[in-house]
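Residue-level listing of the chains:
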Amino acid sequence: MINAFKLTKRLLYLVLFPVYFVISIGLTNLTDKVFLSFAIALVFLIIGILALEFLARKKYADKANLLTDKCDPEAYRDFLLEMLTKKLSKDDVIQVQLHLSYAYYYCGDFQQMKYILDGIDLRQLESKKKNIKFENLKFEYYYRWFFYFLKVEDIESAEKTLDIIDNLLSSSEGVLREMNESSVRMKHISLDCRKGEIPDIEEKVKYESEIDKMLRGDKMFYKVSDNNFLGDYYLRNGMNDKAKECFEFVVQNGNKLYMVKEAELKLEELKKEK
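Residues numbered from 1 in each chain as written. Predicted model: local features only at pLDDT ≥ 70, side-chain atom pairs only at ≥ 80, totals over all residues. Heavy atoms only, no water.

Draft legend 1. Examining the side chain of Lys266 more closely. Tracing the chain through its elements places Lys266 in helix H14 (residues 258-273). Apart from residues no more than four positions distant in its own chain, Lys266 is found in contact with Asp232, Leu235 and Phe247. (Helix = DSSP H or I, 4+ residues; strand = E, 2+ residues; numbered from the N terminus. Contact = heavy atoms within 4.5 Å.)

Set out below in structure tokens:
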């Protein structure tokens, strides 16, 4: 794999700067035939470098399938840790760190997740206000903190973080807004579930899951996560038969996700209560 993404940018600069220099000292003095050959070679060289950049980023994105298809956060974590040893730009470091915090969450290592999030320089994200990529990274940053606070039962901090997320959503527009509307609604449902019963929760989760499927594909990871979420809700509200069905799905399909072990323990407790 290309040394992450920084090397391809350097290659591109190494091509463009000499070209600019040659042009500035009198490229126009070359014959038409020489100029045409030079231009064709230059085009193919730039296309080749951009192709390397595309393939490097595609390979990186495909590795997310370790989590979303195979439910293997440990393998995904190890890949991301290796990525951090590469020559990454500062912007790409933040992206990898956010993905790594996500991997640690689903490994069940919440302390390490917090450590990674604490190490992210949010000021770098704040300086990219007009860039959709970095605006979305800000969403991802606060999403991770929301997951963490909810998991450690710090409801007050989760509420404050969700307020920040709501403000980000209200100030966003276009594609950025469309990408995050469903995720924000689901986080409100998650927080509300901790406070009591929610009417028609199955329909609401199913609706958001269908939107998620359109955006990210039909992945087992999301099915397992939805079943675990509903199982916890049913368990808290005394609907043990429904909870059992959800947790069984998690155990059968969750592979190495941390929630599998938790689901097994909950199933054991449900058996004892009968």
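Draft legend 2. Spotlight on the side chain of Glu135. Tracing the chain through its elements places Glu135 in helix H8 (residues 132-151). Separated by 3.1 Å, the side chains of Glu135 and Lys138 make a polar contact. (Polar contact = N/O pair within 3.5 Å; in protein donor to acceptor, adjacent residues only side chain to side chain.)

Draft legend 3. Structural view of the nonpolar core. Among the nonpolar cores identified, the biggest contains 67 residues, and Tyr106, Phe139, Ile165, Ile201, Phe221, Phe229 and Leu257 are the most heavily contacted of them. Among the elements that take part in this core, H8 stands out by supplying 12 residues, more than any other. Those residues in contact with Phe229 that sit more than four places away from it in its chain are Met186, Ile189, Ser190, Cys193, Ile201 and Val205. (Core = buried A, V, L, I, M, F, W, Y, C linked by side-chain atoms within 4.5 Å. Buried < 20%, exposed > 50% of the residue type's maximum accessible area, 1.4 Å probe, protein only.)

Draft legend 4. Expanded view of the layout of surface pockets. Space inside the second largest pocket adds up to approximately 340 Å³. Forming the walls of the second largest pocket are 19 residues, and the residues nearest its centre are Lys206, Ser209, Lys223, Asp226 and Asn227. Looking at the lining of the second largest pocket, the elements that each hand over two or more residues are helix H11 (201-216), helix H12 (220-236) and helix H13 (240-253). Here the lining of the second largest pocket gets 7 residues from one element, more than from any other, and that element is H11. In the lining of the second largest pocket, the residues fall into 5 nonpolar, 3 polar and 11 charged. (1 Å grid on protein atoms, 1.4 Å probe; cavity = no way out; pocket = protein on both sides within 12 Å on 5 of 7 lines; lining within 4 Å. Points joined across faces, edges and corners; volume = space filled by probe spheres on them. Nonpolar A, V, L, I, M, F, W, Y, C, P; charged D, E, K, R; others polar.)

Draft legend 5. A look at the packing of aromatic side chains. Under the definition given, this model contains 18 aromatic pairs. Taking 5.7 Å as the distance between ring centres and 80 degrees as the angle between the ring planes, the aromatic pair formed by Tyr105 and Tyr258 counts as edge-to-face. With Tyr105 in helix H5 (residues 90-107) and Tyr258 in helix H14, this residue pair connects regions lying 153 residues apart in the sequence. With respect to burial, Tyr105 and Tyr258 carry one shared label: buried. We note Lys187 situated over the ring of Tyr143; from NZ or CZ to the ring centre the distance is 4.0 Å. (Phe/Tyr/Trp six-rings, centres within 6.5 Å; stacked < 30°, edge-to-face > 60°. Lys NZ or Arg CZ within 6 Å of the ring centre and 35° of its normal.)

Draft legend 6. Focus on unusual backbone geometry. The phi torsion at Glu153 lies on the positive side, around 65 degrees, for a residue other than glycine. Looking at the element boundaries, Glu153 is found in the loop between H8 and helix H9 (155-171). With a relative accessible area of 53%, Glu153 lands in the exposed category. A positive phi angle is found at Asn255, which is not glycine, with a value near 50 degrees.

Draft legend 7. Quick peek at the packing of helix H6 (residues 110-118) against H8. Between H6 and H8, the shortest axis-to-axis distance is 11 Å and the interhelical angle comes to 150 degrees. In the packing of H6 onto H8, the handedness of the crossing is left-handed. Residues Phe110, Met113, Lys114, Leu117 and Asp118 of H6 lie in contact with H8, whose contacting residues are Tyr141, Arg144, Trp145, Phe147, Tyr148 and Lys151. For the contact of H6 with H8, the per-class residue count stands at 7 nonpolar, no polar and 4 charged. (Axes fitted to C-alpha atoms, helices over the stretch in contact; angles between N-to-C directions. Left-handed = near helix turned anticlockwise from the far one by under 90°.)

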